[in-house]
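One-letter residues, chain by chain:
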Amino acid sequence: TLPVGPFHVDYQEAGGDHWLHWQIATALTAANFPGQQGRTYRFRVALDYAGVPGEWSPEALATVPFDQKAFTFSSGWTAASSSTAFAGSTKYASRKGRWATYAFTGDSLTLVAPKGPAKGKVTVYVREKAGDAWGAYVKVKTLDLYARSDAARRSFALKTWDTVAERQAKFVVTGTKNRRSNGT
């Protein structure tokens, strides 16, 4: 059987040295952490014994994604409200060549996007900054966002590098689709 609490929940920003208290003596088994977009956090949990935490659980990692406000878009994108989208809104485009870019410093890239019957394909490119100049974009992969039914917030691990560096991802609408898709 699972413990019923109360629990202590601590967190730290990835790479940090100190644990911070988030939930103390809580009976909650789920809660929304108010992290900053783009930051990765470590969490640990312990049973509360009269105000003193017991043995800590293994650490778990969670990254708070960026919403589309962190992106630069070419013309031709449409904004839409969506209760299933991160931060409540999304953008989409269907015309070939429309693009969105996102600059980041890191060693991995993951896209969170919906899949569905009217979705098409997007090609992902990444370039790296060397000194003051950007290198050329290199194709990472083409994603097919088609699915028989709508699926909000699917996570696509796109690329991992050996080192942290300043990078820019470019997402380009291919204008093509899975033969079963009714969109582009």
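Residues numbered from 1 in each chain as written. Predicted model: local features only at pLDDT ≥ 70, side-chain atom pairs only at ≥ 80, totals over all residues. Heavy atoms only, no water.

1. Some details on the overall build of the protein
Looking only at helices and strands, one finds zero helices and 13 strands in the protein. Starting at the N terminus, the α and β elements of the protein follow one another as β-β-β-β-β-β-β-β-β-β-β-β-β. Here the C-alpha radius of gyration of the protein, 20 Å, is well above what a compact globule of 184 residues would show, namely 16 Å. With the C-alpha coordinates aligned to their principal axes, the bounding extent of the protein is approximately 60 × 45 × 25 Å. Counting the 184 residues in the protein, one finds 29% classified as buried. Intrachain contacts of the protein at a sequence separation of at least 6 include 61% that bridge at least 24 residues. Total accessible area on the protein is roughly 11600 Å²; 50% of this is exposed by carbon and sulfur atoms. Measuring between centres, the 24 positive side-chain charges of the protein sit 18 Å from its 14 negative side-chain charges. (Helix = DSSP H or I, 4+ residues; strand = E, 2+ residues; numbered from the N terminus. Rg over C-alpha atoms; globule rule 2.2 N^0.38 Å. Buried < 20%, exposed > 50% of the residue type's maximum accessible area, 1.4 Å probe, protein only. Contact = heavy atoms within 4.5 Å. Areas by Shrake-Rupley, 256 points an atom, 1.4 Å probe, with all protein chains shown as cover. Lys, Arg positive; Asp, Glu negative; His and termini not counted. Charge placed at Lys NZ, Arg CZ, Asp CG, Glu CD.)

2. Digging into the nonpolar core
Counting residues in each nonpolar core, the largest one holds 15 residues, and the members touching the most others are Leu 109, Leu 143, Leu 158 and Phe 171. Taken together, the elements giving at least two residues each to this core come down to β9 (99-115), β10 (121-130) and β13 (151-173). Ignoring sequence-local partners within four residues, the contact set of Leu 109 consists of Phe 104, Val 124, Val 126, Phe 156, Ala 157, Leu 158, Lys 159, Trp 161 and Ala 169. With five residues, the next largest nonpolar core counts Val 9, Tyr 41, Phe 43 and Val 64 among its residues. (Core = buried A, V, L, I, M, F, W, Y, C linked by side-chain atoms within 4.5 Å.)

3. Topic: the packing of aromatic side chains
For the coordinates displayed, the defined rule picks out twelve aromatic pairs. Consider the rings of Tyr 11 and Tyr 41, whose centres lie 6.2 Å apart with planes at 65°: the pair is edge-to-face. A residue pair is termed long-range when its members are at least 10 positions apart, and Tyr 11 in strand β1 (residues 7-13) and Tyr 41 in strand β3 (residues 40-49) qualify at 30 residues. Between the aromatic rings of Trp 22 and Phe 33, the centroid separation amounts to 5.2 Å while the plane-to-plane angle is 85°, which identifies the pairing as edge-to-face. Taken as a pair, Trp 22 in strand β2 (residues 20-26) and Phe 33 in the loop between β2 and β3 lie far apart in primary sequence, eleven residues in all. Taken together through their ring pairs, the aromatic side chains of Phe 71, Phe 73, Trp 77, Tyr 102, Phe 104, Trp 161 and Phe 171 make up a single cluster. (Phe/Tyr/Trp six-rings, centres within 6.5 Å; stacked < 30°, edge-to-face > 60°.)

4. Notes on the side chain of Thr 174
Within the element layout of this structure, Thr 174 appears in the segment after β13. A distance of 2.7 Å separates polar atoms of two side chains, one belonging to Thr 174 and the other to Thr 176. Each residue touching Thr 174, except ones within four places of it in the same chain, is listed here: Lys 96, Lys 121, Val 122, Thr 123 and Thr 142. (Polar contact = N/O pair within 3.5 Å; in protein donor to acceptor, adjacent residues only side chain to side chain.)

5. As for the pairing of β1
For β1, the tally of buried residues reaches six of seven residues, placing the bulk of the element in the interior. Alignment of β1 against β3, held across seven bridges, turns out to be antiparallel. Paired with Val 9 across the two strands is Val 45, which belongs to β3. Alignment of β1 against β2, held across four bridges, turns out to be antiparallel. For Tyr 11, the partnering residue across the bridge sits in β2 and is Leu 20. The loop that links β1 with its antiparallel partner β2 comprises six residues; one of these, Gly 15, has a positive phi angle of about 90°. (Pairing = 2+ DSSP bridges.)

6. Comments concerning the pairing of β10
Moving residue by residue along a regular strand, the side chains alternate between the two faces of the sheet. In this sheet, strand β12 (residues 138-144) lies alongside β10 in antiparallel orientation, the contact comprising six bridges. Its bridge partner lying in β12, Thr 123 is registered against Thr 142. Alignment of β10 against β13, held across seven bridges, turns out to be antiparallel. Residue pairing for β13: Thr 123 is matched across the bridge by Val 172. As defined by bridge partners, β10 adjoins strand β11 (residues 133-134) across two bridges and the pair is classed as antiparallel. Across the sheet, Ala 130 pairs through a bridge with Ala 133, a residue of β11. Where β10 hands over to β11, the hairpin turn is made up of two residues, of which Gly 131 adopts a positive phi near 70°.

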